[in-house]
Amino acid sequence: MASDGARKQFWKRSNSKVPGSIQHVYGAQHPPFDPLLHGTLLKATPKVPTTPVKARRTSTFQEFESNTSDAWDASEDDDELLAMAAESLNTEVVMETANRVLRNHSQRQERRRPPEPPAVPSGDLRLVKSVSESHTSCPAEELRKLSWSGIPKSVRPITWKLLSGYLPANVERRPATLQRKQKEYFAFIEHYYDSRHDDAHQDTYRQIHIDIPRMSPEALILQPKVTEIFERILFIWAIRHPASGYVQGINDLVTPFFVVFMCEHIEEEDVDAADVSRVPTDVLRNVEADTYWCMSRLLDGIQDNYTFAQPGIQMKVKMLEELVSRIDEQVHRHLEQHEVRYLQFAFRWMNNLLMREVPLHCTIRLWDTYQSEPEGFSHFHLYVCAAFLGRWRKEILEERDFQELLLFLQNLPTAHWGDEDISLLLAEAYRLKFAFADAPNHYKK
């Protein structure tokens, strides 16, 4: 049985992820509350925990938003968003995709070939391109279907912009939209950025300034121009979203968009080590604005992850625990027996969308599918986390000590993962979603 000292180690704050040491719950701006004390998941809306200092009426995020001068506002491009609305994927199509990934993997194992990144069939690259350049909104669902299995690198930047709803479906309207949104973003910079050293905002800016050097890949992030871009993006987003402000973990969500959009302008195969100083200033400005808006679109769908006490994450961790108890009771009981709480390892999985658990190129592949799935970053991510935990079932059951078990879960051996590993993970996640998402009692026994 674990000692109190060992169990409390994960709460200690540290500046970086150090292999071989138990990590604190990364990204917790406020001490996480115990979700077991705040009702079950079957209630319509999660309750925000009361503070011991001042009594507060429990309210939904929507009620809080309506009374807050905030930037959780709908875009003026409502007609474009409707055209790009996330329609449910055809079940047969995605199940066939999952089965095809599994079959291909088995065949490659039999032939003992080295792992190959999963790619859409040769004709699909042309189809993705034709869909992305279409003058109508009709192919939106088709684009999502094609993107679920991975997006070719050459068309990933424009496809992500379309899937996120940042670019309009009509190709003739795109240049004007980009110009307007880029102009709007830099108007925010001109209006707000000089206030970063004011008393009201200096703590926010200081935390951003501290967190960015901790990010990866260091060879890219620590380049002065990139650091400045990330600081501007995160500060402007925080100022325009006072309901949450800046919370550790949001900073990681900038990186995939920035790297993907830079791929259009970097000759090197590995953007992680590219010299950004050689990229023209106007190109960097466009990439910065596009990154800001696409990151904002993502956060619009998971906004309750970063409001006070991060109730969205607390709820998702509890949902993961109850889901795992249904799909693999042996693993669940093993964690319970050794007093390992899901909050101790899965908080970071939700807070950083697994970005701290897998290599960056794997995150990018994962986001291809997340942007193709309805509520991919919020709802489907839960099933990916369940599949991710199941991936280590054997190793988890072999650990018989609290500290060793927690160390393993916080430092999973994914350094050599590739796109094939992510494709298999996604196939299993979809299988779990298909089996459990519509089952009314799958969260509760």
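Since the structure is predicted, the reported quantities are computational estimates derived from the model, not experimental observations. (Residues numbered from 1 in each chain as written. Predicted model: local features only at pLDDT ≥ 70, side-chain atom pairs only at ≥ 80, totals over all residues. Heavy atoms only, no water.)

*Asks:* Looking at this model, I keep getting lost on the overall build of the protein chain. Mind explaining?
*Replies:* A tally of helices and strands in the protein chain yields 21 helices and 0 strands. Classification of the 445 residues of the protein chain by burial places 53% in the buried group. When the accessible surface of the protein chain is split by element, carbon and sulfur atoms take 50% of a total near 21100 Å². (Helix = DSSP H or I, 4+ residues; strand = E, 2+ residues; numbered from the N terminus. Buried < 20%, exposed > 50% of the residue type's maximum accessible area, 1.4 Å probe, protein only. Areas by Shrake-Rupley, 256 points an atom, 1.4 Å probe, with all protein chains shown as cover.)

*Asks:* Whenever I open this one, the packing of aromatic side chains confuses me. Can you help?
*Replies:* Remark: the centre distance and the inter-plane angle together describe each pair of aromatic rings, the angle taken between the planes. Enumeration over the complete set of coordinates arrives at 26 aromatic pairs. Both rings, one in Trp367 and one in Phe377, keep their centres 5.2 Å apart while their planes meet at 90°; by these two values the pair is edge-to-face. Placement of Trp367 in helix α17 (residues 360-370) and of Phe377 in helix α18 (residues 376-391) is noted, with a sequence separation of 10 residues between them. Within the aromatic cluster, the residues linked to one another by ring pairs are Trp148, Trp160, Phe257, Phe261, Trp367, Tyr370, Phe377, Phe380, Tyr430 and Phe434. A cation sits over an aromatic face here: Lys181 above Trp293, 3.8 Å from the ring centre. (Phe/Tyr/Trp six-rings, centres within 6.5 Å; stacked < 30°, edge-to-face > 60°. Lys NZ or Arg CZ within 6 Å of the ring centre and 35° of its normal.)

*Asks:* What exactly am I supposed to notice about a negative patch on the surface here?
*Replies:* Side chains of Glu190, Asp194, Asp198 and Asp199 sit close together on the surface and give a patch of like negative charge. With respect to the secondary-structure elements, Asp198 resides in the loop between α8 (174-192) and α9 (202-211). (Patch = residues over 30% accessible without salt bridge, like charges linked within 9 Å, V, L, I, M, F, W, Y side chains within 5 Å. Salt bridge = Lys/Arg side-chain N within 4 Å of Asp/Glu carboxyl O. Lys, Arg positive; Asp, Glu negative; His and termini not counted. Charge placed at Lys NZ, Arg CZ, Asp CG, Glu CD.)

*Asks:* Honestly, the pattern of salt bridges in this entry has me stumped. Any pointers?
*Replies:* Note on pairing: side chains with opposite charge can pair once their charged atoms come close. Enumeration over the complete set of coordinates arrives at 16 salt bridges. For Arg232, the salt bridge identified is with Glu288, shortest N-O distance 2.9 Å. Remark: Glu288 occurs in helix α13 (residues 281-300) and Arg232 occurs in helix α11 (residues 224-240); sequence separation between them is 56 residues. For Arg356, the salt bridge is made with Asp252, and the minimal N-O distance between the two is 2.8 Å. In this pair, Arg356 is assigned in the loop between α16 (343-351) and α17 and Asp252 in the loop between α11 and α12 (254-262), connecting sequence segments 104 residues apart. For Asp252, a relative accessible area of 4% gives the class buried.

*Asks:* Would you explain the side chain of Gln310 in this entry?
*Replies:* Examined against the element boundaries, Gln310 turns out to sit in the loop between α13 and α14 (311-327). Of the polar contacts made by the side chain of Gln310, one reaches the side chain of Asn351; its length is 2.9 Å. (Polar contact = N/O pair within 3.5 Å; in protein donor to acceptor, adjacent residues only side chain to side chain.)

*Asks:* Would you mind showing me how to read the confidence of the model for the protein chain here?
*Replies:* Parts of the model with low pLDDT should not have their predicted coordinates read in detail. Here the protein chain shows a mean pLDDT of 79. Residues at 70 or above account for 67%. Overall, residues 6-18 carries pLDDT values under 50, and its contacts beyond four positions in sequence, including any with other chains, amount to 36 contacts. This stretch, residues 64-91, has a pLDDT under 50; its non-local contacts, to residues over four places away or in other chains, come to 60 contacts. (pLDDT = per-residue confidence, 0-100. Contact = heavy atoms within 4.5 Å.)

*Asks:* Is there a simple way to explain the packing of α18 against helix α21 (residues 419-436) in this structure?
*Replies:* Between two packed helices, the angle of one axis relative to the other and the distance separating the axes together describe the packing. Axis separation between α18 and α21 bottoms out at 8 Å; the angle between their running directions is 115°. As α18 runs across α21, the sense of the crossing is right-handed. Touching Phe380, Tyr383, Val384, Ala386, Ala387 and Phe388 of α18 are Leu425, Leu426, Glu428, Ala429, Tyr430, Leu432, Lys433 and Phe436, all from α21. Here the contact of α18 with α21 is composed, by residue class, of 12 nonpolar, no polar and 2 charged. (Axes fitted to C-alpha atoms, helices over the stretch in contact; angles between N-to-C directions. Left-handed = near helix turned anticlockwise from the far one by under 90°. Nonpolar A, V, L, I, M, F, W, Y, C, P; charged D, E, K, R; others polar.)

*Asks:* I would appreciate a short explanation of α14 in the present structure.
*Replies:* Helical geometry: 3.6 residues make up each α-helical turn, so side chains three or four residues apart lie on a common side. Over its 17 residues, α14 extends 24 Å from the first C-alpha to the last, a length consistent with the 24 Å expected when each residue adds 1.5 Å. Of all 17 residues making up α14, 13 are buried, and the element is well covered by its neighbours. (Expected span 1.5 Å × (residues − 1).)

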